[in-house]
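Architecture and fold: a report
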Amino acid sequence: VPLQACGGGLVQAGGSLRLSCAASGRTFSTYVMGWFRQAPGKEREFVAAITWGGYTTSYADSVKGRFTISRDNAKNTVYLQMSSLKPEDTAVYYCARGGTSYTTPRTASSYDYWGQGTLVTVSS
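Residues numbered from 1 in each chain as written. Predicted model: local features only at pLDDT ≥ 70, side-chain atom pairs only at ≥ 80, totals over all residues. Heavy atoms only, no water.

**Comments concerning a nonpolar patch on the surface**
Short version of the rule: Exposure above 30% relative accessible area and the lack of any salt bridge qualify a residue for a patch; like charges then connect within 9 Å, and the nonpolar side chains Val, Leu, Ile, Met, Phe, Trp and Tyr within 5 Å. For every accessible area listed, the method is Shrake-Rupley and the probe measures 1.4 Å; residues are considered covered only by the protein chains on display. For this document, the term salt bridge refers to a Lys or Arg side-chain nitrogen within 4 Å of an Asp or Glu carboxyl oxygen. For each residue, the accessible area found with a 1.4 Å probe, counting protein chains only, is set against the maximum for its type, and the residue is called buried under 20%, exposed over 50%, and partly exposed in between.
A surface patch of nonpolar side chains, about 450 Å² in accessible area, is lined by W52, Y55 and Y102. Of the residues examined, Y55 reaches a relative accessible area of 73% and is grouped as exposed.

**Structural notes on the sheet that holds strand β8 (residues 77-82)**
Cut-off, in case you're wondering: Any two strands between which DSSP finds at least two bridges are classified as paired. Strands here mean DSSP runs of E at least two residues long; helices mean DSSP runs of H or I at least four residues long; both are numbered from the N terminus. Helix axes are fitted to C-alpha atoms over the stretch in contact, other axes to C-alpha atoms as well, and angles between N-to-C directions run from 0 to 180 degrees.
If you trace the 4 strands from one edge of the open sheet to the other, you get β1-β3-β8-β7, paired in antiparallel fashion. Two strands lie at the open edges of the sheet, namely β1 (3-6) and β7 (67-72), each paired on one side alone. Across this sheet, the average inter-strand angle for adjacent strands is 15°, counted without regard to direction. Looking at chain direction, β7 and β8 are connected through 6 bridges and run antiparallel. Bridging from a neighbouring strand, D72 pairs with T77 of β8.

This is the structure we're talking about:
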């Protein structure tokens with residue numbers, strides 16, 4: 001289930017970016033999808049997750065109200081709309097496939113397939 005994340009780049013503080021993650025395979029719509037990020041010298045951290053039907057989402061406190069996760073199962077794609085970006089949002093962002101539950105896990109160990117990451121740099 002290769003995951004291909006894209007959409008990263010350099011943006012000024014206060015700006016916006018939309019990340020996309022395309023998955024292959026016919027079962028994309030049955031899985032939880034999540035976004036994580038890893039800043040230089042820091043551990044990978046949870047950003048957002050969405051259940052298979054998109055009915056339930058969850059966010060890290062640090063991005064709540066600024067980021068929105070969504071998905072288009074017809075396109076096998078999950079998105080992360082990022083607004084009001086801050087320099088501390090600078091990181092490599094990873095999409096990942098979770099399980100088939102109705103919850104939105106926040107631990108990396110709950111996800112089995114990972115994309116290659118896309119770099120987001122927010123300048124002050």
